[in-house]
Amino acid sequence: MITTVAQLKKGQKGIIKEFSDDSLPIKLLELGCLPGNEIELIQIAPFKDPIYINVNGSHIAIRRETAQLIELDIIDDTPAL
Amino acid sequence: MSKQINVALIGNPNTGKTSVFNQLTGLKQKVGNYPGITVEKKEGICKLPRGVKAHILDLPGTYSLNTTSLDESVAVELLLNKNDKNHPDVAIVVSDVENLKRNLLLFTQIKDLKIPAILVINMADRMSRKGISVDIALLEQKLNTKIALVSTRKGVGIDRIKELITDYKNLSTEQNVDITVISPEYFDKLRSAFPNEDLYKLWLVITQDVNFMPIEKKLFKDATSFATKSKSELKRLQQKETILRYQFINGILKETYKVDLAAAKGLRASFDKILTHKVFGYVIFFAILLTIFQAIYDWSGYPQDLIETFFANASGWVKDTLPPGVFTNLIAEGVLTGIGGIVMFIPQIAFLFLFISLLEETGYMSRVVFLMDRLMRPFGLSGKSVVPLMSGTACAIPAVMATRTIENWKERLITILVTPFTTCSARLPIYIIIIALVIPEGSILGLSYKALTLMLLYLIGFAAAILSAMVLNKILKIKGRSFFVVEMPNYKLPLPKNVAYTVWEKTRSFVLGAGKIILAISVVLWFLGSNGYADDFKNADEIVTNRIKKEGFSDFNQANIQNELSAYKSALKDSISNNIYTIDAAALSDSIALKKTFLEERALHQEISSYKLENSYMGYMGKAIEPVVHPLGYDWKIGIAVLTSFAAREVFVGTLATIYSVGSDEEQTIQNRMAAEINPKTKKPLFNLASGISLLLFYAFAMQCMSTLAVVKRETNTWKWPAAQLVFMSSFAYIVALVAYQILK
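Residue indices begin from 1 for each chain and proceed along its sequence in written order. Chains carry letters from A onward and ligands carry numbers from 1 onward, assigned in written order. Totals for whole chains, interfaces and linings use all residues, but because this is a predicted model, local features are given only for residues with pLDDT of at least 70 and pairs of side-chain atoms are given and counted only at 80 or more.

Undergrad: Which residues make up the overall build of chain A, and what values go with them?
TA: A tally of helices and strands in chain A yields 2 helices and 5 strands. Along the chain direction, N to C, the helices and strands of chain A fall in the order β-α-β-β-β-α-β. Labels follow a simple rule on C-beta atoms placed from the backbone: if 20 or more others lie within 10 Å of a residue's own, it is buried; if 12 or fewer, it is exposed; otherwise it is partly exposed. Across the 81 residues of chain A, 41% fall into the buried class. By definition, residues are in contact whenever their C-beta atoms, placed on the basis of the backbone, come within 7 Å of each other. Across chain A, every contact between residues at least 6 apart in sequence was considered, and the portion connecting residues at least 24 apart equals 61%. Starting at the N terminus, helices and strands are each numbered in turn, a helix being any DSSP run of H or I of at least four residues and a strand any DSSP run of E of at least two.

Undergrad: Could you give me a rundown of the confidence of the model for chain B, with the residues and numbers involved?
TA: Scored by pLDDT, chain B comes out at a mean of 83, with 92% of its residues at no less than 70. With a pTM of 0.75, the predicted complex shows an ipTM of 0.90. The predictor attaches a confidence to each residue, and that confidence, scored 0 to 100, is pLDDT.

Undergrad: Describe the pairing of strand E3 (residues 40-47) of chain B, and please don't skip the residues or the numbers.
TA: Residues and elements named next belong to chain B. When DSSP finds at least two bridges between two strands, those strands are taken to pair. Across 6 bridges, E3 lies against strand E4 (residues 53-58) in antiparallel orientation. Paired with Lys47 across the two strands is Lys53, which belongs to E4. Joining the antiparallel neighbours E3 and E4 is a turn of 5 residues, in which Arg50 adopts a positive phi near 60°.

Undergrad: Before we move on, can you summarise the interface of chain B and chain A with the specific residues and values?
TA: If you look at the interface, chain B gives 29 residues, while chain A gives 28 residues. Secondary-structure elements contributing two or more residues to the side of chain B that touches chain A are helix H3 (100-112), helix H10 (231-256), helix H16 (364-376) and strand E12 (485-487) of chain B. With 8 residues, H10 of chain B is the single largest residue contributor to the side of chain B that touches chain A. By residue class, the composition of the side of chain B that touches chain A is 11 nonpolar, 9 polar and 9 charged. As defined by bridge partners, strand E4 (residues 58-62) of chain A adjoins E12 of chain B across 3 bridges and the pair is classed as antiparallel. The residue of E12 of chain B that forms the bridge with Ile62 of chain A is Val485 of chain B. Residue polarity follows a fixed list, in which Ala, Val, Leu, Ile, Met, Phe, Trp, Tyr, Cys and Pro are nonpolar, Asp, Glu, Lys and Arg are charged, and the others, Gly among them, are polar.

Undergrad: Go over helix H1 (residues 17-25) of chain B, please, and point to the residues and values.
TA: In terms of burial, H1 of chain B is a largely internal element, 8 of the 9 residues being buried. Remark: Gly26 of chain B follows H1 of chain B within two positions and exhibits a positive phi of approximately 60°.

Undergrad: Give me the nonpolar core: which residues, what numbers.
TA: Note on definitions: a nonpolar core is a set of buried residues drawn from Ala, Val, Leu, Ile, Met, Phe, Trp, Tyr and Cys, linked by C-beta atoms within 7 Å. Core analysis: the biggest nonpolar cluster contains 179 residues, and Ile53 of chain A together with Leu9, Val93, Ile118, Val120, Leu352 and Ile397 of chain B have the highest contact counts within it. The greatest single-element share of this core, amounting to 8 residues, is contributed by helix H32 (residues 689-701) of chain B. Excluding residues within four positions of it along the chain, Leu352 of chain B makes contact with Ile292, Ile296, Ser391, Ala394, Pro398 and Ala402 of chain B.

In structure tokens:
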């Protein structure tokens, strides 16, 4: 199964994998959402959407549907809060 | 040197670009729109050392030159178009020391356009707290530029920017990154097709999402020797370009930028924990909203009273001072009343934007967007529509202006179109007086029917807004990729100067923009109400005086005079019997006679104005539309009030007061007078449950506010949307009121 940012738990981190999908908004890339960069899930809004992430020092909120497009490897040693 | 240096200020949102602009230009700034679009254009003049001046243009905030919105394409177009009179001699790229890596992406793009560029690193005051150190000299060398380390909060480094602008000719125009490496054969083809053009510039024109510079686009279509790439191929290349730039930036920052994580203190995390909490987050947000309402609704009442008194006095003064005539009346009753109607809204607008700019400056607004986005989505809105919709309950005018924070045009348009449905404070006087007249006494579960009706009307307004948003979302075919990426900036203390500029700017643009239209319509309404062509109008004084001589005052006025006179008599008698003062019998009857004359003169005056209004153009219009409003349960008098209150809803009560010839400041009297009005056909009170509910519903939905229409025109840059709003809302209101009256009748 593919792991995406949408599956992160609060406080969990992951490393972004190579993109397979070019429907990812270019704006996200500009904000630092690039392969190899670390992503941390900071907060999930009430009703589970949108989510609030820190990627490469950029603190941004994105909707779950966008988060599902970003594949990553979860870093295991970060405990889920 | 007499030539001004053209400077473009560009940078990511939330970098303090506006603060830099404010500090460079001071109060010498001008805000307008770019021709034909609603993007705000801010420009100003900056005095430089050695008598040189710079023209500074504050471009809309953007993360890169890959545009996704109209705002951003304005910035790109200006940078690309050498013929534009504002094409910059030098670009200042404002960055924030904490997000330097991301900010440099935009910087390298501008460098690659071969425009001389200065890098401003702002928020230097946060460096020690965040454990950041930057090797400025090395960074200057690596980026091949000049850097100003600035703190707008402390006012440090502005002089360095000015120095650098003055010496802009010494800046290097070398490119930072050679992007042709992402696809050498593609760029080779480009080069052979357009040997005279700059490759990076061509690349930008090809990849722009927003359709601009049609001429250059056409150039590509006509060039047969050049095969274009598919959209997704171009997008892949854009991704490659971004990665390439970040590689370049990361390499540089590794040597020049150090963060000591141990020294960094994260206020953000603890604030976020509370402010975006699933319970406290909402509680805090609603507490803030309540405060804003209180300010707009209640606190602004004091300055508004002062303004009202001032304009009433001014109008009286003009009438007393200038020679009587049409011109004096135009000034006193048309122009001054019109200006008063504009100035009246200033306290509300100022308060709303005071709060909005405070919330934006602190960084809280992004958290509201984050909290509310999911709730608004089913209606085709986003988290960014919340604040405009909420502030619409106070007044739709500042609310429509507040939609500017919504980048997505479709979402913004829907928000603008539905906001006037929310119950604004101008509906309140009508609601209160009609509810008092027609809703019976009594209560259910301790809540009076009257209070419940008022609450219901508020709920109906919200429901209408939300539901029509849903419908509009379905029917509006506006393209525009809507993806939701909101930056959550660091919390900051607001800079008072920035807040003050915002409040001043928004208020000024309302007065100048919408104010003109409001003034014009007020003058037209005044003219229609105070002129008539028939003899009945011209000889009104005589006709009414004669009628009163023959038949006496109207029943209502007779009774009213009697009541007031006997109240006056008994008050006098009480004072005498309590020995407050003593007067003889002759003086007593004198003062009673005086009071009677005063009351009669007032009644005469009121009956004349009532007669005049009935026979004015406005009166004819009222009678002409009577067949239209009759099915709603209204007579021609209410018809006139509906017509005049098109200017603004609150005019309704005042117009009825004039028609029924009572003073409009006496709410109790006008209410009694309305209660006494009899429908000549049914011989029952004209204001009954059916016609009352019909009126309430009509005002709940109808677009009875030309000020809002004027603002919508200003914000959408076309009459199309305000016209659609007017037709849709008012015909909907008509149908609902019609159905309600016919059922309840």
